[in-house]
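Architecture and fold: a report
The residues making up each chain are set out below.
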Amino acid sequence: MPGLGTIENSYRMNVKKLVYAKLLTDTKTETTYGDIKPFADARQIQITPTVATGDCYGNGSKKKSQSKITGYEITTDVNKAQVDVRADLFGHKFTTDGELIIGSNDKQAEFAFGYEIDQTEGNRELVWLLKCTAQPYSYTVQQTEGDIKYASDSIKITAVMRESDENFQLIGDTNNSTFTDVLAESFLSTVPTTITAATE
């Protein structure tokens, strides 16, 4: 298969380097992004595809079944969502005293969301979800009773298809020898605006 090299089995262990870049434009002809910024320190992440399915029946039995990805639902727990990121993603403003204002007319941003996963055998997996929106953060804080307890913020992100190329995400995994460590080092430094499939 074009673009596929030698595969080395490895297993996911740890998620880190959460980043985002605001989506500036997304049309049939081009997509542009703003600067890449730190998102938060990750504790865990879960990604679930949203799937459309269809079955065809005839003569009393199933003849064909199909499924198609329509998007992704992401839930991530982070140590704390800092106020600058919250303002950037949800259109909040600040008072002159630095207080965060959350208003009913705030406009949420669309953005690309990226992260890295450590793997065994020294490999790593890197991901860009190309067009996302987020729901406001939720959190629970507990009283410290004996042991110290740290709170975390939870955020739900929805990823949809990008208009310019109809792609959802791009994944680089160094257990595929074609995707080298050099490519991995620069993967999260730029959101890809042009993605081309390898051919024979």
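As a starting point, this report considers the structure included with it. (Residues numbered from 1 in each chain as written. Predicted model: local features only at pLDDT ≥ 70, side-chain atom pairs only at ≥ 80, totals over all residues. Heavy atoms only, no water.)

**Details of the overall build of the protein chain**
Note the threshold: Only DSSP runs of H or I covering at least 4 residues are called helices, and only runs of E covering at least 2 are called strands; the numbering of each starts at the N terminus. Contacts were defined at the residue level, with two residues in contact if any of their heavy atoms lie within 4.5 Å. Exposure was quantified through the Shrake-Rupley algorithm and a 1.4 Å probe, taking into account, for residues, occlusion by the shown protein chains and nothing else.
Counting its regular elements, the protein chain contains 2 helices and 11 strands. Dimensions of the protein chain, computed from C-alpha atoms along their principal axes, come out at roughly 65 × 45 × 40 Å. Taking the contacts inside the protein chain whose residues are at least 6 apart along the sequence as the reference set, 64% of them involve residues at least 24 apart. Surface exposure of the protein chain reaches about 12700 Å², of which carbon and sulfur atoms provide 48%.

**Here we look at the side chain of N123**
Rules: Whenever a nitrogen or oxygen atom comes within 3.5 Å of another N or O atom, the pair is scored as a polar contact, on the condition that within protein one atom can donate a hydrogen and the other can accept it, and that pairs from neighbouring residues in sequence are kept only if both atoms are in side chains.
Among the secondary structure elements, N123 is positioned in the loop between β7 (111-119) and β8 (124-134). A distance of 3.1 Å separates polar atoms of two side chains, one belonging to N123 and the other to T174. Each residue touching N123, except ones within four places of it in the same chain, is listed here: E8, S10, I117, D118, T174 and N175.

**Points about the packing of aromatic side chains**
Describing an aromatic ring pair means giving the distance of the ring centres and the angle of the ring planes. Spelled out, the test is: Note on aromatic contacts: the rings of Phe and Tyr and the six-membered ring of Trp form a pair at centre separations within 6.5 Å, being stacked when their planes are under 30 degrees apart, edge-to-face when over 60 apart, and tilted otherwise. Relative accessible area decides the class of each residue, using a 1.4 Å probe on protein chains only: under 20% of the type maximum gives buried, over 50% gives exposed, and in between gives partly exposed.
Tallying each qualifying case throughout the model produces 7 aromatic pairs. Pairing Y20 with F39 gives two aromatic rings, centres 6.1 Å apart and planes at 80°, and the pair type is edge-to-face. Within this pair, whereas Y20 is found in strand β1 (residues 12-26), its partner F39 is found in the loop between β2 (31-38) and β3 (42-58), the two being separated by 19 residues in sequence. Judged by relative accessible area, which is 2%, Y20 ranks as buried.

**Side note on the pattern of salt bridges**
Counted only if it meets this: Throughout this description, the term salt bridge denotes a Lys or Arg side-chain nitrogen within 4 Å of a carboxyl oxygen of Asp or Glu.
Taken as a whole and assessed by the stated rule, the structure comprises 12 salt bridges. With its nearest N and O atoms 3.2 Å apart, the salt bridge here joins D118 to K16. Taken as a pair, D118 in strand β7 and K16 in strand β1 lie far apart in primary sequence, 102 residues in all. On the basis of relative accessibility, which here comes to 29%, the residue K16 falls in the partly exposed class. Salt bridges sharing common partners tie together K16, K17, E116, D118, R124 and E185.

**With respect to helix α1 (residues 83-90)**
Among the residues making up α1, those that are buried are V85, A87, D88, L89 and F90. Backbone geometry just downstream of α1 places G91 in the positive-phi region, at approximately 70°.

**So, the nonpolar core**
Proteins that are soluble and globular tend to have nonpolar side chains buried together. The condition is simple: Side-chain atoms within 4.5 Å are what join buried Ala, Val, Leu, Ile, Met, Phe, Trp, Tyr and Cys residues into a set we call a nonpolar core.
Judged by nonpolar contacts, the single largest core of 25 residues is most densely connected at F39, F113, L129 and I157. In contact with L129, other than residues within four places in its own chain, are I47, Y72, I74, F111, A112, F113, Y115, A159, F168 and Q169. Counting 13 residues, the second-largest nonpolar core is a separate cluster that includes A21, W128, A184 and V191.

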